[in-house]
Amino acid sequence: MSPVSAAAKSSHAAPLLSIGQVLARLTPEFPDLTPSKLRFLEEQRLVFPARTESGYRKFGASDVERLRLILSTQRDHYLPLKVIRTYLEELDAGLSPTLPGGATLGPTMLTTTRRFSREELLREAAASTTLLHDAISASIILPADHYGEEALSVLKALVELQRSGIEPRHLRGFRGAAERELGLIESALVPLSRRKDASSRAKASEMAVEIAGQLEVVRGSLIRSALGRLVT
């Protein structure tokens, strides 16, 4: 039995959650999460929900936090699931693994992922209400009741950019560029998207993250090359 499965089953005080309840908790932060993807993550041995006598999946609090870690790592670091699985296995073994590139999330991330109200987000980023409003108007940050770490990082970056005279309205083109990249990803996923089975849809989601990661590498290289011309 996996460490996470054992922890989930030994947590008698907290009620176990159905797939629908897990989705209700996580989809505000991860809108592309679906029942199919949850089942796919289980098939890939990344999460180990308990089962009722009737065979229904039930998730404990540790399962939900593990899912949040998997999804945020996939989204923020563009890593394939096999790399994330190895990382989690080392965490479960009590080690302190690092992700490719040297990033370390640490075991505590399984229980310390933060969510921010609007007021907390502004306070943590030392940002003005106007800056957040402008960022939302420019579609750089999406409006929400609560925000995750990514929104905080973006708002902090906008605070610094504003000091250099760069406002959210100057970054509207970033949204258009992101949409064009999305079009490239969608084109690459056509063979999988034509299949209607749940496994193919989940694999398409995983492949989309991997392609996005490669596009990020190319974009970063182009920007660094352009910066080189500026300083020579």
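Okay, so let's go over this structure.

Calculation criteria
Residues numbered from 1 in each chain as written. Predicted model: local features only at pLDDT ≥ 70, side-chain atom pairs only at ≥ 80, totals over all residues. Heavy atoms only, no water. Helix = DSSP H or I, 4+ residues; strand = E, 2+ residues; numbered from the N terminus. Buried < 20%, exposed > 50% of the residue type's maximum accessible area, 1.4 Å probe, protein only. Contact = heavy atoms within 4.5 Å. Areas by Shrake-Rupley, 256 points an atom, 1.4 Å probe, with all protein chains shown as cover. Axes fitted to C-alpha atoms, helices over the stretch in contact; angles between N-to-C directions. Parallel < 35°, antiparallel > 145°, perpendicular 65-115°, else oblique. Left-handed = near helix turned anticlockwise from the far one by under 90°. Nonpolar A, V, L, I, M, F, W, Y, C, P; charged D, E, K, R; others polar. Core = buried A, V, L, I, M, F, W, Y, C linked by side-chain atoms within 4.5 Å. Patch = residues over 30% accessible without salt bridge, like charges linked within 9 Å, V, L, I, M, F, W, Y side chains within 5 Å. Salt bridge = Lys/Arg side-chain N within 4 Å of Asp/Glu carboxyl O. Arc of directions from axis to C-beta.

Helices and strands together make up the secondary structure of the protein, namely 12 helices and two strands. Starting at the N terminus, the α and β elements of the protein follow one another as α-α-α-β-β-α-α-α-α-α-α-α-α-α. Here the protein holds 232 residues, and 36% of them are scored as buried. Sequence-distant contacts in the protein: of pairs separated by 6 or more residues, those separated by 24 or more amount to 60%. Accessible area for the protein stands at about 13500 Å²; split by element, carbon and sulfur atoms hold 56% of it.

Let us now look at the packing of helix α4 (residues 61-77) against helix α5 (residues 81-92). Two elements in contact, α4 and α5, have axes whose closest approach is 10 Å; the angle formed by their N-to-C orientations is 135°. By the criterion of interaxial angle, the relationship of α4 to α5 is oblique. Classified by chirality, the crossing of α5 by α4 is right-handed. Residues Arg66, Leu69, Ile70, Thr73 and Gln74 of α4 form the contact with α5, whose own contacting residues are Leu81, Ile84, Leu88, Leu91 and Asp92. Residue classes in the contact of α4 with α5 are distributed as six nonpolar, two polar and two charged.

With that out of the way, let us pick up helix α3 (residues 35-43). All buried positions along α3 are accounted for by Ser36, Lys37, Leu38, Phe40, Leu41 and Glu42. A positive phi of about 60° marks Arg45, the residue just after α3.

The next subject is the nonpolar core. The tendency in soluble globular proteins is for nonpolar side chains to be buried side by side. Membership of the largest hydrophobic core comes to 24 residues, with the highest contact counts inside it found for Val22, Leu26, Leu41 and Leu67. Of all the elements in the fold, those that place two or more residues in this core are α2 (19-26), α3, α4 and α5. In this structure Leu41 touches Leu46, Val47, Leu67, Ile70, Leu71 and Leu81, once residues within four positions along its chain are discounted.

With that settled, the discussion passes to unusual backbone geometry. Positioned with a positive phi, Ala126 is a non-glycine residue whose angle comes to about 55°. By secondary structure assignment, the location of Ala126 is in the loop between α7 (118-125) and α8 (129-137). For Ser139, which is not glycine, the phi torsion reads 60° and is therefore positive. Locating Ser139 in the fold gives a position in the loop between α8 and α9 (149-163). We classify Ser139 as partly exposed; its relative accessible area is 29%.

This part covers a nonpolar patch on the surface. Residues Ile223, Leu227 and Leu230 make up a contiguous nonpolar surface patch of roughly 320 Å² in combined accessible area. Mapped onto the elements, Leu227 comes out in helix α12 (residues 198-230). Accessibility expressed as a relative area gives 46% for Leu227, which makes it partly exposed.

This part takes up the environment of Ser36. Position of Ser36 among the secondary structure elements: in helix α3. A sequence separation of 167 residues divides Ser36 from Lys203, and the C-alpha atoms of the two residues are 9.8 Å apart.

Before going further, it helps to spend a moment on the packing of α8 against α9. Running from N to C, α8 and α9 point in directions that differ by 110°, and their axes come no closer than 11 Å. In this view, α8 runs roughly perpendicular relative to α9, as classed from their interaxial angle. Residue-level contacts link Leu131, Leu132 and Ala135 of α8 to Leu155, Leu158, Val159 and Gln162 of α9.

Within the secondary structure, Gln74 is located in helix α4. Contact partners of Gln74, with chain neighbours within four places excluded, come to Lys37, Leu79, Leu81, Ile84, Glu206 and Val209.

As a further point, take α8. Along α8, the positions that sit buried rather than exposed are Leu131, Leu132 and Ala135. Mapping the buried residues of α8 onto a view down its axis gives an arc of 100°, with all of them on the same face. Looking one or two places after α8, you find Ser139, whose phi comes out positive at around 60°.

With the rule as written, the count across this model stands at nine salt bridges. One salt bridge in this structure joins Arg68 and Glu65, with 2.8 Å as the shortest N-O distance. Highlighted residues: Arg68 and Glu65, both in helix α4, separated by three residues, approximately one helical turn. Across the pair, Glu65 and Arg68 agree in class, each one buried. Across the salt bridge formed by Asp92 and Arg66, the nearest N and O atoms sit 3.0 Å from each other. With Asp92 in helix α5 and Arg66 in helix α4, this pair connects stretches of sequence that are 26 residues apart.

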